[in-house]
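Chain residues, written in single-letter form:
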Amino acid sequence: PSQPPSRQVVDLYAGIGYFTLPYLVHAGAAHVHACEWDEDALAALSRNVAANGVERRCTVHAGDNVQAAATLAGVAHRVNLGLIPSSEAGWPVAVAVLLPEGGTLHVHACVGAGASEEDAWGRALLA
């Protein structure tokens, strides 16, 4: 079954656009709010967004994603948390920007290869 398009996306750790651009170019996102604090990554992200012709559908929020999220409360159908080794510090921020009726969190982390480590991480994530 196909999923509905990712209408409004918040990418809390956008970097150079590794996830931002596929949402815009391939996944049918209506708009992506890309949060990033690193100046070099911001410059590359802006170039990459322009090179892909999606500037009108992407807002880059420079600085701390906690501050950006304060202006984005309740807007996101999807939130990408592409930070490793762990995005756990961003989970409360991600939940705050989801639509009031909820949405999808894409959570990233480095987890051990053993089944028990994966199970423990999954339980912690859902707690």
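Overview of the structure. (Residues numbered from 1 in each chain as written. Predicted model: local features only at pLDDT ≥ 70, side-chain atom pairs only at ≥ 80, totals over all residues. Heavy atoms only, no water.)

## As for the overall build of the protein
When you go through the protein residue by residue, the secondary structure sums to five helices and five strands. In the protein, the succession of α and β elements from N to C terminus is β-α-β-α-β-α-β-α-β-α. Projecting the C-alpha coordinates of the protein onto the three principal axes gives extents of approximately 45 × 35 × 30 Å. Split into buried and exposed, the 127 residues of the protein put 36% on the buried side. Long-range pairs, those at least 24 residues apart, make up 62% of the contacts in the protein with a sequence separation of at least 6. Counting only carbon and sulfur atoms, one obtains 57% of the accessible surface of the protein, whose full area is about 7,300 Å². (Helix = DSSP H or I, 4+ residues; strand = E, 2+ residues; numbered from the N terminus. Buried < 20%, exposed > 50% of the residue type's maximum accessible area, 1.4 Å probe, protein only. Contact = heavy atoms within 4.5 Å. Areas by Shrake-Rupley, 256 points an atom, 1.4 Å probe, with all protein chains shown as cover.)

## Thoughts on the environment of Leu126
Following the sequence through the fold, Leu126 ends up in helix H5 (residues 115-126). A relative accessible area of 73% means that Leu126 is categorised as exposed. For the pair Leu126 and Glu36, spaced 90 residues apart in sequence, the C-alpha separation works out to 26 Å.

## So, the sheet that holds strand S2 (residues 31-36)
A sheet is described by the order of its strands in space; here five strands give the open sequence S3-S2-S1-S4-S5, paired in parallel fashion. Because the sheet does not close on itself, it has two edges, and the strands there are strand S3 (58-62) and strand S5 (104-107). Looking at each pair of strands side by side, their axes are set apart by 15° on average, direction ignored. For S2 and S3, the ladder comprises five bridges, and the chain directions are parallel. From the neighbouring strand, His33 faces S3, where its bridge partner is Thr59. Of the strands in this sheet, S2 and S3 are in contact with helix H2 (residues 39-51), which crosses S3 at around 170°. (Pairing = 2+ DSSP bridges. Axes fitted to C-alpha atoms, helices over the stretch in contact; angles between N-to-C directions.)

## Quick look at the nonpolar core
Counting 15 residues, the largest nonpolar core has Val10, Leu12, Cys35, Val79, Leu81 and Val97 as its most contacted members. At the level of secondary structure, the elements contributing two or more residues to this core comprise helix H3 (65-70), strand S4 (78-81) and helix H4 (91-97). Considering every element that reaches this core, the biggest residue donor is H4, with four residues. In this view, Val97 contacts Val10, Ala69, Leu72, Ala73, Gly74, Val75, Ala76 and Val79; residues no more than four positions away in its chain are not counted. Of all hydrophobic cores here, the second largest spans twelve residues; its members include Val9, Leu21, Tyr23 and Val54. (Core = buried A, V, L, I, M, F, W, Y, C linked by side-chain atoms within 4.5 Å.)

## Some points on the state of the cysteines
By definition, a disulfide links two cysteine residues through a covalent bond between their sulfur atoms. This model, assessed by the stated rule, comprises zero disulfides. For the unlinked cysteine Cys35, the closest cysteine sulfur is that of Cys58, found at 9.7 Å. Given the relative accessible area of 10%, Cys58 is considered buried. (Disulfide = S-S within 2.5 Å.)

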